[in-house]
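Structural features, examined
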Amino acid sequence: MELMCPIDQHCSHQIAALLQPPSPLLVQEYFEQLISKRQLHGIKVKQNGEFGKGVFAETNFEEEQLILKDQMLVGIQHPSNKIDCLVCSYCFKFIGSIEQQIGRKLYLKTLGVGISPHNGKGCHDNSSDKDQDNHFVQNHHNSDDGASSSSNSTIPLPTMAVESLMNGELALPYSNKFPLPSVVSCPGGCEEAFYCSKSCAEADWESFHCLLCTGEKSEFHSRETLLKFIQHANETNDIFLLAAKAISFTILRYRKLKACHLREQEKTATSMLGTSDLSLLLEAWKPISIGHKRRWWDCIALPDDIDTSDEATFRRQIRELAFTSLQLLKEAIFDKECEPLFSLEIYGHIIGMFELNNLDLVVASSVEDYFLYVDDLPYPEKKEAEKITQPYLDALGDDYSICCQGTAFFPLQSCMNHSCCPNAKAFKRDEDRDGQATIIALRPICKGEEVTISYIDEDLSFEERQALLADYGFRCRCARCLDEEP
Ligand SMILES: C[S@@+](CC[C@H](N)C(=O)[O-])C[C@H]1O[C@@H](n2cnc3c(N)ncnc32)[C@H](O)[C@@H]1O
């Protein structure tokens, strides 16, 4: 029997309003405001008709020129990656010090701390040459391209050697060339979130974290259920953590809007007549309403190991998984005034939006940079430095170069349509050291042209490309596909 969520039934009118696609005018206004608030130049979001929204060049771009740095709306570091990289929970910059990064990773490894790998599928790859190098170093550990870690098999260090890194007693040679911002703790007192600055800590608290923090100052109803929700997401699919952030973000925006309206009302001695809770909720939801979405269990690609005859069962199981996750989240942070956000229909659409639009979140590792720097030193200095650094590199093994990995929704990048002959790509340059998405021109782009990226490997054959894009829920109608169509 199909699971029923009571909120879906008695909030059906509000849910329909929340899922109503925004009008082209509203979309245009939203993006004009966003682009001007962020002081971005040279691009515009337009409703081009053919594929819905698209991003268009408002100026000429040269090959390799930066088109856009897009600040995420919501993103997470994969839980399994938290052992490897200590990053700011808001902007995803590496924090602490090289010593702290290495010491913490070795310490957690000796404790055997591990979280099951993420199951979320990032829609697009936010790669960089550095990532390709990472693969190279990981797969060819004896090559000259990376710092010479001994291999995948690691050589453990005495506990004291790890502790001396963590407590600041030991400064590694040349680590001062790689300064990192000091670690700022979570204002709610949890030991899960860390920041690069007070302003990132405050922004995260106000936008998402005050409802999802497991510390003492958090606003959750039940810490136990919040922990259960997090554990369930860690064990099943970390996309639920992202959905929880989107819900928390909307609730917090709603409360701010409501407080603002009430203040206005007091000031002008007028009543809130005409400003219903639903219109405030719709306003709070606007940044999410803009994203292209479908229900998660309808749009998720059928895994290769599942037979098409089992497709209906698979989709039902995905729906049930989302239902279980939602019940835990609801028990932990339910807000009566924002009740429709806790319906399965909305939860499914939020997750579906991430499934269809998300980009991999990648931030290159400062620890890798450090070891590569030591490896590149001239002979006598290198030999001296390696007397100290080599045991740490050997203890880390190939893991020394792991970058920060996660998934995020970027409002502007997510409007970029796919082309099998794209003129731009998501590409992290050496200087891009935070969680923003960076879009670079692959060839000259003229004013007025649409900016397109490839969601897949465009070197594949026509059939292979169409098969991969079918997983993203559409049949490609780019110029190349129309030309190659048999
Ligand atoms: C990440 S969104 C891109 C923005 C989208 N056009 C919108 O209105 O929000 C991806 C969706 O855009 C459409 N799309 C993008 N590129 C396309 C292409 N080359 N051919 C057909 N549809 C495309 C498909 O509906 C796809 O699911």
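Residues numbered from 1 in each chain as written. Predicted model: local features only at pLDDT ≥ 70, side-chain atom pairs only at ≥ 80, totals over all residues.

Our focus in this paragraph is the confidence of the model for the chain. Residues with a pLDDT of 70 or more make up 90% of the chain, whose mean pLDDT is 89. At the level of chain-chain contacts, confidence expressed as ipTM amounts to 0.99, with global pTM at 0.91. (pLDDT = per-residue confidence, 0-100.)

Our next topic: the site of the ligand. Taken together, 18 residues sit near the ligand, with Gly52, Lys53, His292, Asn417 and His418 positioned nearest. For the shell around the ligand, the elements supplying multiple residues, two or more each, are β2 (53-57) and α13 (344-357). Looking at the shell around the ligand residue by residue, the class counts come to seven nonpolar, nine polar and two charged. (Near = placed C-beta within 6 Å. Helix = DSSP H or I, 4+ residues; strand = E, 2+ residues; numbered from the N terminus. Nonpolar A, V, L, I, M, F, W, Y, C, P; charged D, E, K, R; others polar.)

Another aspect to go through is unusual backbone geometry. Phi angles above zero are rare outside glycine, and glutamate 64 is one such case at about 70°. Position of glutamate 64 relative to the elements: it lies in the loop between β2 and β3 (66-70). According to the C-beta neighbour criterion, glutamate 64 is exposed, with 12 such atoms within 10 Å. Look at tyrosine 174: it is not a glycine, yet its phi comes out positive at around 65°. (Buried ≥ 20, exposed ≤ 12 C-beta atoms within 10 Å, placed from the backbone.)

Alternating residues of β2 divide into Lys53, Val55 and Ala57, all buried, and Gly54 and Phe56, none buried. Hairpin connection from strand β1 (residues 43-47) to β2: five residues lie between these consecutive antiparallel strands, with glycine 49 at a positive phi of about 90°. Bridge count between β2 and strand β11 (residues 450-451): two bridges; the pairing is antiparallel. Considered in β11, the bridge of valine 55 is made with valine 451. (Pairing = 2+ DSSP bridges.)

Moving on, we get to the pairing of strand β8 (residues 404-409). In terms of residue burial, β8 counts as a mostly covered element, since five of its six residues are buried. Both strand β7 (residues 359-363) and β8 contribute to a ladder of five bridges, which runs antiparallel. From the neighbouring strand, leucine 359 faces β8, where its bridge partner is alanine 408.

The subject of this paragraph is the sheet that holds strand β10 (residues 437-441). In space, the three strands of this open sheet follow the order β3-β10-β9, with antiparallel pairing throughout. Of all the strands in the sheet, the pair left with one neighbour each is β3 and β9 (424-426). Across this sheet, the average inter-strand angle for adjacent strands is 15°, counted without regard to direction. (Axes fitted to C-alpha atoms, helices over the stretch in contact; angles between N-to-C directions.)

What follows concerns the packing of helix α7 (residues 198-212) against helix α9 (residues 239-268). Following both chains from N to C, one finds α7 and α9 inclined at 115°, their axes separated by 8 Å at the closest point. In terms of their interaxial angle, α7 and α9 are classed as roughly perpendicular. The hand of the α7/α9 crossing is right-handed. Of the residues in α9, those touching α7 at Glu206, Ser207, Phe208, Leu211 and Leu212 are Ala244, Lys245, Ser248, Phe249, Ile251 and Leu252. The residue makeup of the contact of α7 with α9, split by class, is seven nonpolar, two polar and two charged. (Parallel < 35°, antiparallel > 145°, perpendicular 65-115°, else oblique. Left-handed = near helix turned anticlockwise from the far one by under 90°. Contact = placed C-beta atoms within 7 Å.)

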